[in-house]
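Reading the structure
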Amino acid sequence: MDVIKKILKYKKQWNEVKRERYIFMNQTEERRRSMNYAEAYKKNKINSDMILYESYWGRGVVDNPYALFKKLLNCKEFKRFLHIWVLDDFESNKLVIEYYKNYSNVEFVLFGSEEYHKALTSAKYLVNNVTFPKYFIKKEGQVYINTWHGTPLKSMGFDMVDGNSGSANTIRNFLHADYLLSANETMTKMYFDSYKLQGIFSGEIIEEGYPRNDLLLCTNKELEYSVLEKNGITVEREKKIILFAPTWREKEDGTAEVNPKELLEVKEILENNIDTTQYQILIKPHQFVYNQLKDLDEYKGLLIPATIDANELMSIVDILISDYSSIFLDYMVLDRPILFYIPDLVSYKEKRGLNVQPEDLPGPFSDNLYDIAEYINKIDQIQIEYYTSYQKMKESICRHDDGKVSSRIVNYIFNGTGKCCVLQGNHDKKRLLISCGGLLENGITHSFLSLLEQIDYEEWDVTALVGDNPKDIARHYKVNHMNSNVRPLVICGFRAATLEEEQRREFVTKHGVYNKFWKKVYPWELMKRENRRFFGDVKFDYIVDFQGYNTILTPMLLQREAKKKSIWLHNDMQADMNKKVNGKKKNWECLYFNISLYPYFDNLVSCSNEVMKVNRQKLSTNSTYLKFKSAKNTVNEERIKKYLENESTISIDGVEYLIKNELKENNDAKSLEIIELPQKDYINFVTMGRMSVEKNHIALIRAFDKVHSEYKNTRLYLLGSGPLEDKIKECITNLKLENAVILTGNINNPFAVMKRSSCFILPSIHEGQPMVLLEARTCDLPIIVSNFSTVKDSLYPDGQLLIGNDEDSIYNGLKSYINGKVPTCDFRLSDYNNEAYEEFKQAIQ
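An account of the accompanying structure is given in this report. Once a new chain begins, its residue numbering starts again from 1 and follows that chain's sequence as written. The predicted origin of the model limits local features to residues at a pLDDT of at least 70 and limits the giving and counting of side-chain atom pairs to 80 or more, whereas totals for whole chains, interfaces and linings rest on all residues. Neither water nor hydrogens contribute to the side-chain values; these are computed over all heavy atoms in the structure.

1. Here we look at the packing of helix 1 (residues 2-25) against helix 22 (residues 499-509)
Put simply, the test is: Angular values range over 0 to 180 degrees, each being the angle between N-to-C directions of two axes fitted as lines to C-alpha atoms, with helices fitted over their stretch in contact. Numbered from the N terminus, helices here are DSSP runs of H or I no shorter than four residues, and strands are runs of E no shorter than two. In this scheme, roughly parallel covers angles under 35 degrees and roughly antiparallel covers those over 145, while 65 to 115 is roughly perpendicular and the rest are oblique. Definitions for this section: a left-handed crossing has its near helix turned counterclockwise from the far helix by less than a right angle. A right-handed crossing has that turn clockwise. We call two residues in contact when some of their heavy atoms are within 4.5 Å.
Orientation of helix 1 relative to helix 22, taken along the N-to-C sense of each, is 130°, at an axis distance of 9 Å. Judged by the angle between their axes, helix 1 and helix 22 are oblique. Taken as a pair, helix 1 and helix 22 cross one another with a handedness that is right-handed. Across the interface between the two elements, Tyr10, Gln13, Trp14, Val17, Lys18, Glu20, Arg21, Tyr22, Phe24 and Met25 from helix 1 touch Leu499, Glu502, Gln503, Arg504, Arg505, Glu506 and Phe507 from helix 22.

2. Notes on the pairing of strand 26 (residues 683-688)
Counted only if it meets this: Whether a residue is buried, partly exposed or exposed follows from its accessible area with a 1.4 Å probe, protein chains only, as a fraction of its type maximum: under 20%, in between, or over 50%, in that order. At least two bridges found by DSSP between two strands are what make those strands a pair.
In terms of residue burial, strand 26 counts as a mostly covered element, since 6 of its 6 residues are buried. Of the two faces of strand 26, both are covered, the one formed by Ile683, Phe685 and Thr687 as well as the one formed by Asn684, Val686 and Met688. Pairing between strand 26 and strand 27 (residues 714-719): 6 bridges, direction parallel. Within strand 27, the position partnered with threonine 687 by the bridge is leucine 718.

3. Here's the deal with the environment of tyrosine 598
Take tyrosine 598: it is sitting in the loop between helix 27 (588-595) and strand 21 (603-606). Note on tyrosine 598: relative accessible area 3%, which makes it buried. Taking the C-alpha atoms as reference points, tyrosine 598 and serine 620, 22 residues apart in sequence, are found 9.3 Å from one another. Not counting residues up to four positions away in its chain, the partners in contact with tyrosine 598 are Ile567, Leu569, Met573, Leu604, Leu619 and Lys627.

4. Observations concerning the environment of glutamine 391
Threshold: Polar contacts here mean pairs of N or O atoms no more than 3.5 Å apart (in protein, one a potential hydrogen donor and the other a potential acceptor; neighbouring residues in sequence count only if both atoms are side-chain atoms).
The topology assignment puts glutamine 391 in helix 18 (residues 387-398). With 59 residues separating them in the primary sequence, glutamine 391 and methionine 332 have C-alpha atoms 8.5 Å apart. Within polar-contact distance, the side chain of glutamine 391 engages the side chain of aspartate 335 at 3.0 Å.

5. A word on the packing of helix 7 (residues 168-176) against helix 24 (residues 524-535)
In plain terms, the rule: In this count, Pro and Cys sit with the nonpolar residues alongside Ala, Val, Leu, Ile, Met, Phe, Trp and Tyr, while Asp, Glu, Lys and Arg are called charged and the others, Gly among them, polar.
Packing of helix 7 against helix 24 brings their axes to within 7 Å, and their N-to-C directions diverge by 105°. The angle between the axes of helix 7 and helix 24 places the two elements in the roughly perpendicular class. Taking contact as the criterion, the partners of Arg172, Leu175 and His176 in helix 7 are, on helix 24, Arg532, Arg533, Phe534 and Phe535. Here the residues of the contact of helix 7 with helix 24 are counted per class, giving 3 nonpolar, 1 polar and 3 charged.

By themselves these figures say nothing about function.
Structure, rendered in structure tokens:
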């Protein structure tokens, strides 16, 4: 009877999960596309005679993929290939579709469509000049050629502002690539340094020039004139062509900043100040700008469509006017004059940075269009004047571009013949992958960031897998300000799961993989695919799940081979699993599932020896007993020093305040969110931590109420926030302690409060290794701490007062400080960190 009840219970649960996941997976376009892609991924076999090309997410048949396509299409030995082009708009590309309509081996698919997913999962060869979607996963047997789309003049990859987040899908694509094409040493350096591929990239960087530059030297001019005319661009063939081709400017939200009148004004001023019987002006805006201007009446017939290849166009151009667009680097192949109109040099450098100084450009620059017109009027003189700088840069950037680049690359990749300059960037460091999930504001995150500061990067190559939320300012800041030696891989996109896989995953997550039945039901294939989506073909020596609470990341990390895989146990995990927050066991499901995965790890690492003993006693089996290890968490000494030495404070009527946030600013005033700092006239108690049950805030407030009734010069500072914040506020209000208990919320600089306080108290019910005690010791604070089960590793001889965690014990502890009975010990954080780092290395190897 019990078996029947259990079966009926599981059946009901399964039906509920099926309905819920069906709704969930169809809620957003991103999830639907990921799901459709996963179905295609599983269904379709690789066609060894198919090549898929994609430029700028389907903008057109352009750029480096186009140059390789032309070479392959026109070679008899490659007639077997079916060429699939990805387009985002068939209407805008109708002329090119018409041109190839009689080619039986050329087809077009719409970006994001079912046909796109079929081709993306079927083609043996994939050619892209930017990135495939976030759900893309290169299959085993596919060959991915990423050509990129220009030598960088501005900051790229992790060098950009917020580049850790902004580069997420780019670095993910690079890690999938078998070949990255490089035009020159500058570009190779971009791959290795700006995108930190040195030592981790498993493919080959081919530094052999740019295929698209063949088009500059080999394009039929009459055909190009014809292409322009078919696109509605009038060309007077007896006149020389001046092409104005600026890059785009980025707004705060990342979209293109467009002034509808700007390009018209540029054209008008130039035409009024040059000989228009000799010259005509064509305008090619960046594709982001073009998309916003193309339908305006005043621009009809004026703008070069984004679907026209830039290098074929430049083959008929006599003078190029640009700014920091890398288009001019290609144009140097032709030895024709280049002028630079740069109206916003300072602001652009602040936003994106520049790798070249204006003085080093191969032509004159100005922020004044009348100067540009004057340069045009004396262009022969300009060419002579800038000949040396022009040739110097050309030799650096274009020395491989001889019109035969496509031939060399096609022969090397598709034939396995010929010689190319190939680089791989190997090193002898140990490769560590460490994951910390979403970097929430908690002790685990701070321990993780502190550890990154301690690692010896001469010995270790470190990749950090983390999540981001740009709307969460604190988290976004952490993601983009990690130790610069680390290679951040920021989680992006949604997992490529079929509906059935997602339903099975959710179902088993509620039960764990504790027996054969659940192990068989669980979609391990999905996790292997997700692992490949994150890391491509990268090989790691050691893998660490430093968070240990994520039911997607933990099983996913297990799917990659490594010498050793470790998971961190930051608390008494069974107690944490059973902990109730607002009446619910918030961590039950994630920990019940993840604990079932512990046998698959090589090392189960607790954050202190005492915590390890507790976890081993409660969780070990015969097969896992010896896997339990310990390694103390490190503390970010530099972070503490920085905040202790650099405070944002303001004094108002003799009272000192900490500036928490600058909310608004205009020409006349700033709006600040401030916190009153502890004053010397008071006895200031302070605690810091997440406002959740185990931190015992309510008991602390009630005990403080008794103390405050006896000593009115006492104050209590509560640093942090969390799910119990409303209940804590209610308790403070009910006890009428609003003027005596100060809530700060989460603040970047808690040490400004701590160093001005009198005593630190931690009345927790249970803890892992409380880092706040170490931070408090660094601030030379006397410490009161409760005798939770794992406290032993946090104690120092004569270094604290140990109390119970009930209200009366806390009250007596606070009174003990007032009576001078709470000691302070001599603590050296640097010695502690050195010891903790050695423990970390021993634990994971």
